[in-house]
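Listed here are the chains, written in short residue letters.
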Amino acid sequence: MNEDYDLFVIGAGMAGTTAANKCAAQGWRVGIVDALPYGGTCALRGCDPKKILRRGAEVIDAARLMQDKGITQNGVSIDWAALMRHKRGFTDGVPQSMEDELTGNGVMTFHGSARFTGPNQLDINGTEHRAKHFLIATGARPRPLSFPGHEHLIDSTDFLNLDALPHRIVFIGGGFISFEFAHIASRAGVDCVIIDHGDRPLREFDPDLVELLIKRTEQTGIQVQLTTTITRVTRTASGLDLTVDQGGKTFTIGADLVVHGAGRVADLDGLNLDAANIASGPLGVAVAGHLQSTTNPAVYAAGDAADPPGKPLTPVAVFEGKVAASNMLTGSTTTPDYTAVPTTVFTIPELNRVGILEHEARNSGLDIDVRHNDTSGWYSNYRVGETTASAKIIIDKATDRILGAHLLGPGYAELINIFGLAIKLGLTSRQLKSMTATYPSIGADLGSML
């Protein structure tokens, strides 16, 4: 039996490391363990490396948009191997940097698989550790698929580590992963297909803007197959064949690579939660609003491994880690504030949302003003040659407060943050329009959007 801890964290991603550092700074004896390199999904296998690769796609797209407008492409192309080296220049140093920060703050770091052996006991590689508190922050993993041949698929982590791209890639699922990766791969010269079993992908975003994005996606050369179900994946001499059903019709799509982008579930396998009386479901550990387990008071959970109201986003994991740590340190029951957290699909151009959707506002009985503008011809988009851009702002007529903002366009991932701040602070559209922005900038479009 190893020494006792005030807190033991399982998972060295953003939620786990945030909580570990915060509690260690208050003098707690803290341990942390992860079977994977320290850094978590975002820094190593998700947001950060994805957006580095996207930069190559942005350059290609920018040159294409300015063709016949003063820019000659002259064979501009992506050197995938070099772009991957650029990505690894960031990701390779993350695990050691994260661990050095933890140990520098007095956190004891461990590497290996953890499993509960009791309500307050954890086994790591055959050694038991006791703690007064535990934080489960193990993140998420790809949702299991059941159709024959699913073992031939790769996941998002594998895609982000490809040393070379094949000629044909099929992306399964109509969410962030499929759309973002297809937009990157297509600009690198890959023939891409997105297959979604539903009739509308990216369902958490404004449907009018999603429709525009689908058209822009198809103009890029990416096929989007909706209401399509995969029934089998078969390896052949030339690659992979996907047997699919679309409206009762069966046909085959050929591919060199198939990428799983059809959702994720909490990564709790192997933790032996039953031994610690920790209730959980597909969405994660069952927690009260203040992130404490509903069945074991010694346990908290945060990030994608928990099942609170927050969306599975890195900033959410960070502030949940902070809140969980504060609640453990003080014995309080503070609930995280999920108000006005923006989210972005980093396609080209990017799709953004903060606040509620139009149909959500109408269904709740609110009297709203919808300010919907086609911004494709506005100066900021004309300047870069983009012909697909739109903004939809939802405003409460009674208070003039902004309830939701939905933006599709280049650079709008920065603009959505201003709308998020306005919603969080309860600003009115008149107050927001009173801002004088530097000109010409994308921020200067905000007043016209309102």
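Everything below is about the structure printed above this text.
This text gives an overview of the structure that appears in the document. In this convention, every chain numbers its residues from 1, walking through the sequence in written order. For a predicted model such as this one, the threshold for reporting local features is a pLDDT of at least 70, and the threshold for listing and counting side-chain atom pairs is 80 or more; totals across whole chains, interfaces and linings nevertheless cover every residue. With hydrogens and water excluded, all non-hydrogen atoms of the structure serve as input to the side-chain values.

## Concerning the sheet that holds strand S22 (residues 390-396)
Alright, step 1. A sheet is described by the order of its strands in space; here five strands give the open sequence S19-S20-S23-S22-S21, paired in antiparallel fashion. At either end of the open sheet lies a strand with only one pairing partner, and these are strand S19 (343-345) and strand S21 (368-374). The sheet shows a mean angle of 10° between the axes of neighbouring strands, direction not considered.
Alright, step 2. When DSSP locates at least two bridges between a pair of strands, those strands are taken to pair. Under the scheme used here, helices are H or I runs from DSSP no shorter than 4 residues and strands are E runs no shorter than 2 residues, and both carry numbers assigned from the N terminus. Where S19 meets strand S20 (residues 350-355), three bridges bridge the pair, whose relative direction is antiparallel. Following the sheet pairing, Thr 343 is matched in S20 by Arg 353.
Alright, step 3. Whether two residues are in contact is decided by their heavy atoms: any pair within 4.5 Å suffices. To obtain an axis, a line is fitted to C-alpha atoms, over the contacting stretch when the element is a helix, and the angle between two such axes runs from 0 to 180 degrees between their N-to-C directions. Where helix H8 (residues 207-219) meets the sheet, its contacts fall on S20, S21, S22 and strand S23 (402-409), and the angle it forms with S23 comes to roughly 5°.

## Thoughts on the sheet that holds strand S8 (residues 168-172)
Alright, step 1. Spatial ordering of the open sheet is given by S10-S9-S8-S14, a layout of four strands whose pairing is parallel. Edge strands, defined here as strands with exactly one partner in the open sheet, are strand S10 (223-225) and strand S14 (257-260). Direction aside, neighbouring strands of the sheet carry axes that sit 20° apart on average.
Alright, step 2. Judged from the five bridges that link them, S8 and strand S9 (residues 191-195) form a sheet pairing that is parallel. Along S9, the bridge assignment pairs Arg 168 with Asp 191.

## Details of the side chain of Ser 390
Alright, step 1. Tracing the backbone through its elements, the reader meets Ser 390 in strand S22.
Alright, step 2. Under the relative-accessibility criterion, Ser 390 is labelled buried at 3%.
Alright, step 3. Counted as a polar contact is a pair of N or O atoms within 3.5 Å, where, for protein atoms, one must be capable of donating a hydrogen and the other of accepting one, and residues adjacent in sequence contribute only when both atoms are in side chains. Polar side-chain contacts of Ser 390 include one of 3.2 Å to the backbone oxygen of Asn 373.
Alright, step 4. In this structure Ser 390 touches Leu 209, Leu 212, His 372, Asn 373, Asp 374, Thr 375, His 406, Leu 407, Leu 408 and Tyr 412, once residues within four positions along its chain are discounted. In this scheme, a residue with accessible area under 20% of its type's maximum is buried, one over 50% is exposed, and one in between is partly exposed, where area comes from a 1.4 Å probe on protein chains only.

## Let's talk about the environment of Pro 308
Alright, step 1. Within the secondary structure, Pro 308 is located in the loop between strand S18 (299-301) and helix H9 (314-330).
Alright, step 2. Counting along the chain gives 154 residues from Pro 308 to Ile 154, while the straight-line C-alpha distance between them is 29 Å.
Alright, step 3. Not counting the four nearest positions on each side in its chain, Pro 308 is found in contact with Val 287, Leu 291, Glu 320 and Tyr 338.

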